[in-house]
Amino acid sequence: MRPLRQRAERETMSRTDIPQNNSPAPEPTGEGPLRRDSIDGSLADNEPFEIQVATRLSRLPPYMFGQINQLLYEKRRAGSDVIDLGMGNPSDAPEPLVVDKLVEAAADSRNHGYSRSNGILNLRREVASKYLKKYGVRLDPETEAMVCLGSKEGFSHMCLALMGPGDAAIVPAPYFPVHMYAVALAAGNVIALEVAESDQFLANIAYTCEHLYPKPKLVIVNYPHNPSTVTVEADFYRDLVQLAKQHDFMVISDFAYADIGFDGYQPPSFLAAPGAADVGVEFTTMSKGYNMAGWRVGYCCGNREMIRALGVIKGYYDYGMFQAIQVAAIMALRHTDAAVEQQSAIYQRRRDVLIEGLHRIGWQVDAPRAGMFLWARIPRPWSEKMSTMEFAMKLLEEADVAVSPGSGFGPVGEGHVRMSLVENENRLRQAVRQIGRCLSAE
Ligand SMILES: Cc1ncc(COP(=O)(O)O)c(C=O)c1O
């Protein structure tokens, strides 16, 4: 690699600045290709050009799902009918009236220009009225609600708005990858605390704040939790807000599975806790309950200073969401509550089918009371003889069933696999039969 100074000098020279060198080319030494850049600054044709990416990329941990995704892709290309319980990518269709509205709005030429990066006001008003109706939370749509290009985009840019070198954020472990990557990409440090027991999680947050200097600046919570399926009651958030005020940390609640609760359980909103909007924001999404994952519609609501900071970042990075999508999203929020409830009931039935089937083949798995996943401890004897990744590869190779290895969610996930409820009941029964045959073949 050329020294930095030499490269910088070359990059600032224009073409005509490059000194002409009329001396004859040196004889080849036989020790590798002749570097023409030693003569006129240009690279030899056969020397690979080296791309110097930013060091922030090296802060990212290895992407653990790559191996599984590659095998899944190869199997499907080879014609295997793999049952995919890996990604939480909804496979059911959005409501027809929402799609019709999108078509109608797309035909309106006024919807094709750049939009507002924080979303059109009518959509933000609709989000505020959903919060009021469902959670009793009053939001000012002008300053306390923002539209994001999917909640993942909003979350990532919020981390960029809040975090910098030397700042630390607490994330739940096992972690949904973006909870940790977004902090790392913003140059922040991640403290991963186990999420399994909610009281212990709160106690560990308090302990960390008391003993770490500088104190964590941000705490990320995500209930119903992906991947562990842990849920909380409203009083968890009351305690969290108190802790936040006591220790001066901000809170981001990732409420992606807000709309999917089972057996009468309604996941509570962080923003319904007294004083929550003093310390934090909550992200919601239309990806899960509304089956609109590809549309990329999410929201950030709550603390106006945090939302203002996110707006500054988004104002530089994007021109807002395609307006026709925003118009259709208004219709979805306004008119499809019943469909969202039905979708939740569909996930509940799938949960039951999958759990019953797994129990039948001797795999005991706890029933979640919300979300789109089962979080299953790998049964013996496989847990003793192979890693989570090897077990997931085995199911994919031998049973044609894709699941997510728990280690993809950090070391705390080791020993588990995550199965998503995105396939229909028949396919889930089929998946259980295939898994049963694969595991009993040993
Ligand atoms: C916990 C959690 N947060 C955020 C997201 C991303 O949601 P969106 O599609 O709104 O970006 C997901 C998607 O799987 C998720 O599981």
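Described below are features of the structure shown in this document. (Residues numbered from 1 in each chain as written. Predicted model: local features only at pLDDT ≥ 70, side-chain atom pairs only at ≥ 80, totals over all residues. Heavy atoms only, no water.)

1. Points about the sheet that holds strand β9 (residues 373–377)
Paired through backbone hydrogen bonds, the strands of a sheet run either parallel or antiparallel to each other.
Point 1. On the basis of which strands lie adjacent, the open sheet formed by three strands has the order β9-β12-β11 and antiparallel pairing. Each end of this open sheet is capped by a strand with a single partner; those strands are β9 and β11 (404–405).
Point 2. When β9 meets strand β12 (residues 416–420), the two strands line up antiparallel, connected through five bridges. The partner of Ala 376 across the bridge, within β12, is Val 417. (Pairing = 2+ DSSP bridges. Helix = DSSP H or I, 4+ residues; strand = E, 2+ residues; numbered from the N terminus.)

2. So, the site of the ligand
Point 1. Of all residues adjacent to the ligand, which total 13 residues, the nearest are Asn 226, Asp 254, Tyr 257, Thr 285 and Ser 287.
Point 2. One of the side-chain nitrogen or oxygen atoms of Tyr 257 is found 2.6 Å away from an oxygen atom of the ligand.
Point 3. Taking Ser 287, its side chain carries an N or O atom lying 2.6 Å from an oxygen atom of the ligand.
Point 4. Starting from 400 Å² of accessible surface for the ligand in isolation, the protein chains cover 91%. (Near = heavy atom within 4 Å. Polar contact = N/O pair within 3.5 Å; in protein donor to acceptor, adjacent residues only side chain to side chain. Areas by Shrake-Rupley, 256 points an atom, 1.4 Å probe, with all protein chains shown as cover.)

3. Description of the sheet that holds strand β7 (residues 280–285)
Point 1. Reading across the sheet, the seven strands line up as β2-β8-β7-β6-β5-β3-β4 and stay open at both edges, with mixed pairing between neighbours. Strand pairing shows two members of the sheet lacking a second neighbour, β2 (145–148) and β4 (189–194), which therefore form its edges. Between one strand axis and the next, the sheet turns through 20° on average, direction left out of account.
Point 2. Note that strand β3 (residues 168–173) and strand β5 (residues 218–221) share two bridges and pair parallel. Bridge pairing in β5 links Ala 169 to Leu 218.
Point 3. In this fold helix α8 (residues 198–211) packs onto β3, β4 and β5, with an angle of close to 145° to the strand it touches most, β4. (Axes fitted to C-alpha atoms, helices over the stretch in contact; angles between N-to-C directions. Contact = heavy atoms within 4.5 Å.)

4. A short note on the packing of helix α5 (residues 121–135) against helix α12 (residues 323–335)
Point 1. Interhelical geometry of α5 versus α12 gives an angle of 20° and a closest axis separation of 9 Å. Relative to α12, α5 is oriented roughly parallel. Once α5 is placed against α12, the crossing between them reads as left-handed. Residues Asn 122, Leu 123, Glu 126, Val 127 and Lys 130 of α5 pack against Gln 326, Ala 329, Ile 330, Leu 333 and Arg 334 of α12.
Point 2. Taken together, the residues of the contact of α5 with α12 break down into five nonpolar, two polar and three charged. (Parallel < 35°, antiparallel > 145°, perpendicular 65-115°, else oblique. Left-handed = near helix turned anticlockwise from the far one by under 90°. Nonpolar A, V, L, I, M, F, W, Y, C, P; charged D, E, K, R; others polar.)

5. Considerations on a nonpolar patch on the surface
Point 1. There is a patch of nonpolar side chains on the surface, built from Phe 49, Ile 51, Val 53, Leu 57, Leu 60 and Leu 185 and spanning about 570 Å² of accessible area.
Point 2. Residue position: Leu 60 is located in the loop between α2 (37–40) and α3 (66–77).
Point 3. Given a relative accessible area of 31%, Leu 60 falls into the partly exposed group. (Patch = residues over 30% accessible without salt bridge, like charges linked within 9 Å, V, L, I, M, F, W, Y side chains within 5 Å. Salt bridge = Lys/Arg side-chain N within 4 Å of Asp/Glu carboxyl O. Buried < 20%, exposed > 50% of the residue type's maximum accessible area, 1.4 Å probe, protein only.)

6. So, helix α6 (residues 151–162)
Point 1. The terminal C-alpha atoms of α6, which comprises twelve residues, lie 16 Å apart, in line with the 16 Å expected from a rise of 1.5 Å per residue.
Point 2. Within α6, burial applies to Ser 151, Glu 153, Gly 154, Phe 155, His 157, Met 158, Cys 159 and Leu 162. (Expected span 1.5 Å × (residues − 1).)

7. Re the pairing of β12
Point 1. Among the five residues of β12, five are classified as buried, and the element is accordingly described as predominantly covered.
Point 2. By the alternation rule, side chains of β12 split into His 416, Arg 418 and Ser 420 and Val 417 and Met 419, which are all buried.
Point 3. In this sheet, β12 lies alongside β11 in antiparallel orientation, the contact comprising two bridges. Its bridge partner lying in β12, Pro 405 is registered against Val 417.

8. As for the packing of aromatic side chains
Point 1. In this structure the tally under the stated criterion is twelve aromatic pairs.
Point 2. Each ring, one from Tyr 131 and one from Tyr 135, has its centre 5.4 Å from the other, and the planes form 50°; the classification is tilted. Of the two residues, Tyr 131 and Tyr 135 are both situated in helix α5; the distance of four residues between them amounts to about one turn of the helix. You'll find Tyr 131 and Tyr 135 in the same group, each marked buried.
Point 3. A centroid spacing of 4.9 Å and a plane angle of 70° characterise the contact between Tyr 223 and Phe 236, whose relative ring orientation is edge-to-face. Taken as a pair, Tyr 223 in the loop between β5 and α9 (234–247) and Phe 236 in helix α9 lie far apart in primary sequence, 13 residues in all. The two residues Tyr 223 and Phe 236 agree in class, both being buried.
Point 4. Through pairs of rings, three or more aromatic residues link up here, namely Tyr 223, Phe 236, Tyr 237 and Phe 270.
Point 5. It is Arg 369 that lies over the ring of Tyr 265; its NZ or CZ is 3.8 Å from the centre. (Phe/Tyr/Trp six-rings, centres within 6.5 Å; stacked < 30°, edge-to-face > 60°. Lys NZ or Arg CZ within 6 Å of the ring centre and 35° of its normal.)

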